[in-house]
Amino acid sequence: MADDHSHSDHQEGFWSKYWFSTDHKVIGIQYGITAMLFLLFGFGLMLLMRWQLASPGVEIPLLGALTPEMYNQFGAMHGTIMVFLGVVPLAVGAFGNYVVPLQIGAPDMAFPRLNMASYHVYFWGGVVMLASFFVPEGAAKSGWTSYPPLANIETMGQTMWLWGMVLLITSSLLGAVNFLVTIIQLRTEGMTYFKMPFFVWAQFVTAFLLLLAFPPLEAAGFLQLADRLLGTSFFMPSGLVTAEGPLEVAGGGSPLLWQHLFWFLAHPEVYVLILPAMGIVAEVLANNTRKPLWGYKLMVYSVIFLGFMSFIVWAHHMFITGMGTAISAFFQVTTMIISIPSVVILSALFITLFGGSIRFNTAMWFALGFIPMFGIGGLTGLPLGLAPTDIPLHDTYYVIGHFHYVVAPGTIFALFAGIYYWYPKVTGRTMNETLGRIHFWGSMIAMNGIFLPMLHQGMVGMSRRLFDGGLTYSFTEGVIHYNSVMAVSAFVLLLFQLPFIYNFLTSIKWGRKVTKSNYWEATTLEWSAAPTPPVGHGNFATIPTVYHGPYEYSVPGHELDYCPQEVPIQLPDVADQTVEP
Amino acid sequence: MQIPYEVTARPDTGVNNAKLGIWLFLASEVMLFGGLFAAYVFLRIGADAWPGMMVYGTEMMAERADEILNVPLATLNTMILIASSVTMVMSWAALKMDRFDRYKLYMGLTILLALGFLVVKAFEYGDKFDHHWYASTNNFLGIYFVLTGLHAIHVTGGIVLNAYFWGPGTKLWKRGTPRDKAHFTNRIEVAGLYWHFVDLVWIFLFPMIYLI
Ligand code: HEM
Ligand SMILES: [Cu+2]
């Protein structure tokens, strides 16, 4: 990589080049690798839990039988790791960092050193989270939502969780400021807002969500830290009694305060999980249907509207807390309204396929897989947004099924699409297509094997977070055997990640070399104007100027079926055109 | 490699990168303190008595905030912070007029005033501890310590930042080209925006906690 450059770049050592780098491309790769390792680790925790659920009390090699405490740790840390250390860093930290400056024609992020700091703070946040498994009585056990009062009286792992979150939030804030300034200030000449690729728009709105939604969780984290370390009672109501007798705290606080602050972040957070994914899918679809994204402007308006609305729907996670019907009514209405732009975006992506001569490659398959899977996730969310249907479904496996459809075969598939799509950009080599297909179809089937049964189990009434998978309840009788199906599917899913891991690692060395810089014949700057694989710091030999929108594919009367953004479109003069037979 | 608009403003946005960055950062800070203010309101609405019980398990109640908190000292601190905001602006103005000696003077004053604020704050805290009033005593004192503590951390951050720009950070100015000087002046403006924000937070905190 970057051979011609490493000579001129004065004797950089390994550490300064790969660890303390300020180049957004290196930082993107750092984020990507770290996040993928965390995803694998979080997946491992889940495999153990699924094993336990399928056969409660089973002796797991090396670990022995899981205790309820271990199960709770794994559950809480699975959620935390997947969301805050896996998906978001991969979607925003890796793809955002690597692709956004290239797509807008910038030499780097606006604040390269801040960018480096953001990665390092994230890394140490992850270290704190992992270290928490080894403190006395283990990691946090109160779920990724950390509801007090339980979380307040939990063991030391919860304090570690809070410090870890403070670091992760700080990292996100640094990143968000950097993305926003980069997109607002460093767009190259001609790159107006409405000429930005949809992926950039998605990252732009995501950065706003991170900037404004995370601080209230940080505030909540400080308050919970005070409760745990200074003995305050912000989240402790009066008169709490535990197995050890009445708690000696002043009381007078409110557990609901935590829930409000938490979900004020965590609802926008789900859009942080999904918007970059939509952005990636939009890029891959436009490129492989060889036609413009349908309704680009509509999609942009939708994503902006979605960003705004996501701040006023949070209490749909709290319908059963007794907020009162008026407040519930408000949040039901806003929740129904916010589903509209999501449907618009998904429909636009779907309509984009219409009449295209589709180029099927692995990236495209994953992008295509995203559409129905996210569709199921979104549709199963509607009943949860309405209090009458949410009341029986809340805290059941239905909820777990719902959000996993959005995030696992939804977002994660989009991230896979992104990996297959931009891999040649980063390495100059392609990933193997056959292994890619195996990876896609295996994952598709296994994912549904895991999450579809959850929806049914939940509708029967099986609660989430049960250590024995619902064994002790008679009403679960008809659906409890699904637990075995899900466990097998989960291991099958692991199996089908092996070709991906192999493919990903070996293609760096042995993948087919890309012969031309614009490998996918794409219109956006990262392919059309920047060399593949990229040069070192600076990105472009000369900073390109942009002349038209991002998806000028198959422009009538144009020779090539793609018109790069930095090349003015010159429709051949009609009179000159000699009509070939 | 040169990042565009590090020093000069981008024509269509009218700002340079750092200035936009600080405004966005301050927006997130508004949400941080906003979250805590919201928590304050939420707790107070839900409380039976405010500030409430002063010794755990007794009938000793406080009816008003000023029975516990020292309003004159806090008023003094408000003055100190406002004064430091003024000197901060003057230090920036001095750079604009190319008066580096004046800059050193005003920036030095800003730092001293901020230190003065922290000293007064330390006396206030010490007084609470002498009465055995801690964050755990009741939610009024809890939120008082969290809010003023977080604010004090911000003040400390400001002092570190300003001290850097008073000492080692001046190297940039001393390089002496117009671009370097403009760059340094921008930095002081950005530091100033942060400092005014810290001041502003206090101006909200003071009446909310001490007076009403
Ligand atoms: C792909 C295979 C996955 C499987 C089989 C799986 C399985 C599970 C299960 C069984 C639970 C419920 C645990 C309980 O009893 O409380 C759960 C919770 C959760 N999962 Fe996953 N998961 C997967 C992927 C992901 C991904 C990619 C994310 C990332 C966004 C994620 C985020 C969560 C969250 C946030 C929770 C809630 C944790 C809690 O409430 O404590 N999962 N998952
Ligand atoms: Cu939500």
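Residues numbered from 1 in each chain as written. Chains lettered and ligands numbered in written order. Predicted model: local features only at pLDDT ≥ 70, side-chain atom pairs only at ≥ 80, totals over all residues. Heavy atoms only, no water.

### Concerning the overall build of chain B
(1) Moving on: Across its full length, chain B carries 6 helices and 2 strands.
(2) Moving on: In sequence order, chain B lays out its α and β elements as α-β-β-α-α-α-α-α.
(3) Moving on: Projected onto its principal axes, the C-alpha positions of chain B cover 70 × 35 × 25 Å.
(4) Moving on: Considering chain B as a whole, with its 212 residues, one finds that 50% of them fall into the buried category.
(5) Moving on: For chain B, contacts bridging at least 24 residues in sequence account for 72% of all contacts bridging at least 6.
(6) Moving on: When the accessible surface of chain B is summed, it comes to about 9,800 Å², and 69% of that surface belongs to carbon and sulfur atoms.
(7) Moving on: Considering chain B, the positive charge centre built from 16 side chains and the negative charge centre built from 16 side chains are found 16 Å apart. (Helix = DSSP H or I, 4+ residues; strand = E, 2+ residues; numbered from the N terminus. Buried < 20%, exposed > 50% of the residue type's maximum accessible area, 1.4 Å probe, protein only. Contact = heavy atoms within 4.5 Å. Areas by Shrake-Rupley, 256 points an atom, 1.4 Å probe, with all protein chains shown as cover. Lys, Arg positive; Asp, Glu negative; His and termini not counted. Charge placed at Lys NZ, Arg CZ, Asp CG, Glu CD.)

### What about the coordination of the iron atom of ligand 1?
All names here are of chain A.
(1) Moving on: Donor atoms from the polypeptide that coordinate the iron atom of ligand 1 comprise His78 (NE2) and His404 (NE2), at 1.9 to 2.2 Å from the metal.
(2) Moving on: In this structure, the iron atom of ligand 1 is coordinated by 6 donor atoms arranged in octahedral fashion, with angles at the metal of 81 to 179°. In this pair, His78 is assigned in helix α4 (residues 68-104) and His404 in helix α13 (residues 397-427), connecting sequence segments 326 residues apart.
(3) Moving on: Of the residues examined, His404 reaches a relative accessible area of 16% and is grouped as buried. (Donors = N, O, S within 2.8 Å, 3.2 Å for Na, K, Ca; no water. Tetrahedral: all angles 85-135°; square planar, octahedral: opposite > 155°, others 65-115°.)

### Describing the interface of chain B and chain A
(1) Moving on: Contact with chain B, which involves 36 residues of that partner, is made by 44 residues of chain A.
(2) Moving on: Both faces considered, chain B and chain A share a buried interface measuring about 3,000 Å² in area, 74% of it formed by carbon and sulfur atoms.
(3) Moving on: Remark: the boundary between chain B and chain A carries 0 salt bridges.
(4) Moving on: Between the two partners, chain B and chain A, sit 7 residue pairs in polar contact (both at pLDDT 80 or more).
(5) Moving on: When contributions to the side of chain B that touches chain A are tallied by element, the ones reaching two or more residues are α1 (17-46) and α4 (139-166) of chain B.
(6) Moving on: Counting residues per element, the side of chain B that touches chain A draws most heavily on α1 of chain B, which supplies 15 residues.
(7) Moving on: Here the residues of the side of chain B that touches chain A sort into 22 nonpolar, 12 polar and 2 charged. (Buried area = accessible area lost by both parts, 1.4 Å probe. Salt bridge = Lys/Arg side-chain N within 4 Å of Asp/Glu carboxyl O. Polar contact = N/O pair within 3.5 Å; in protein donor to acceptor, adjacent residues only side chain to side chain. Nonpolar A, V, L, I, M, F, W, Y, C, P; charged D, E, K, R; others polar.)

### Things to note about a nonpolar patch on the surface
Residues and elements named next belong to chain A.
(1) Moving on: Taken together, the side chains of Leu40, Leu495, Leu498, Ile501 and Leu505 define a hydrophobic patch exposed on the protein surface, amounting to about 450 Å² of accessible area.
(2) Moving on: Sort the elements by how many residues they give to the nonpolar patch and helix α15 (residues 482-510) lands first, with 4 residues.
(3) Moving on: Along the polypeptide, Leu40 turns up in helix α3 (residues 24-54).
(4) Moving on: Here Leu40 falls in the partly exposed class, since its relative accessible area comes to 41%. (Patch = residues over 30% accessible without salt bridge, like charges linked within 9 Å, V, L, I, M, F, W, Y side chains within 5 Å.)

### With respect to the coordination of the copper ion (ligand 2)
All names here are of chain A.
(1) Moving on: Summarising the metal site, the copper ion (ligand 2) is bound by the protein donors His267 (ND1), His316 (NE2) and His317 (NE2), whose distances to it range over 1.8 to 2.1 Å.
(2) Moving on: For the copper ion (ligand 2), all donor residues lie on one chain, and their spacing in sequence is H-x48-H-H. Here His267 is found in helix α8 (residues 255-289), whereas its partner His317 is found in the loop between α9 (296-309) and α10 (325-352), with 50 residues between them in sequence.
(3) Moving on: According to the relative accessible area criterion, His267 is buried, its value standing at 5%.
(4) Moving on: The class for His317 is partly exposed, based on a relative accessible area of 23%.

### Here's the deal with the packing of aromatic side chains
Within a pair of aromatic rings, the relevant descriptors are the distance that separates the centres and the angle that separates the planes.
All names here are of chain A.
(1) Moving on: Taken as a whole, this structure holds 74 aromatic pairs over all chains when the rule is applied.
(2) Moving on: Where Tyr519 meets Trp520, the ring centres are 4.7 Å apart and the plane angle is 70°; that geometry is what we call edge-to-face.
(3) Moving on: By relative accessible area, which is 10% here, Trp520 ends up buried.
(4) Moving on: Here the aromatic residues Phe360, Trp365, Phe366, Phe413, Phe416, Tyr420, Tyr423, Phe440, Trp441, Phe500 and Phe504 are joined through ring pairs into a cluster of three or more.
(5) Moving on: If you follow Arg187 out to its NZ or CZ, it ends over the ring of Tyr193, 3.9 Å from the centre.
(6) Moving on: Sitting over the ring of Phe194, Lys297 keeps its end group 4.9 Å from the ring centre. (Phe/Tyr/Trp six-rings, centres within 6.5 Å; stacked < 30°, edge-to-face > 60°. Lys NZ or Arg CZ within 6 Å of the ring centre and 35° of its normal.)

### Regarding the site of ligand 1
All names here are of chain A.
(1) Moving on: Close to ligand 1 lie 23 residues; Tyr71, His78, His404, Arg464 and Arg465 are nearest.
(2) Moving on: Take His78: an N or O atom from its side chain is 2.9 Å from a nitrogen atom of ligand 1.
(3) Moving on: For the shell around ligand 1, the secondary structure elements donating two or more residues are α3, α4, α13 and α14 (433-460).
(4) Moving on: Tallied by class, residues from the shell around ligand 1 come to 15 nonpolar, 5 polar and 3 charged. (Near = heavy atom within 4 Å.)

### Describing the layout of surface pockets
(1) Moving on: Volume-wise, the second largest pocket comes out at about 1,800 Å³.
(2) Moving on: Put simply, the parts of the chain that give the lining of the second largest pocket at least two residues each are α5 (112-131), α6 (156-185) and α7 (198-229) of chain A together with α1, α4, α5 (171-175) and α6 (178-211) of chain B.
(3) Moving on: When the residues that make up the lining of the second largest pocket are grouped by side-chain class, the tally is 26 nonpolar, 12 polar and 9 charged. (1 Å grid on protein atoms, 1.4 Å probe; cavity = no way out; pocket = protein on both sides within 12 Å on 5 of 7 lines; lining within 4 Å. Points joined across faces, edges and corners; volume = space filled by probe spheres on them.)

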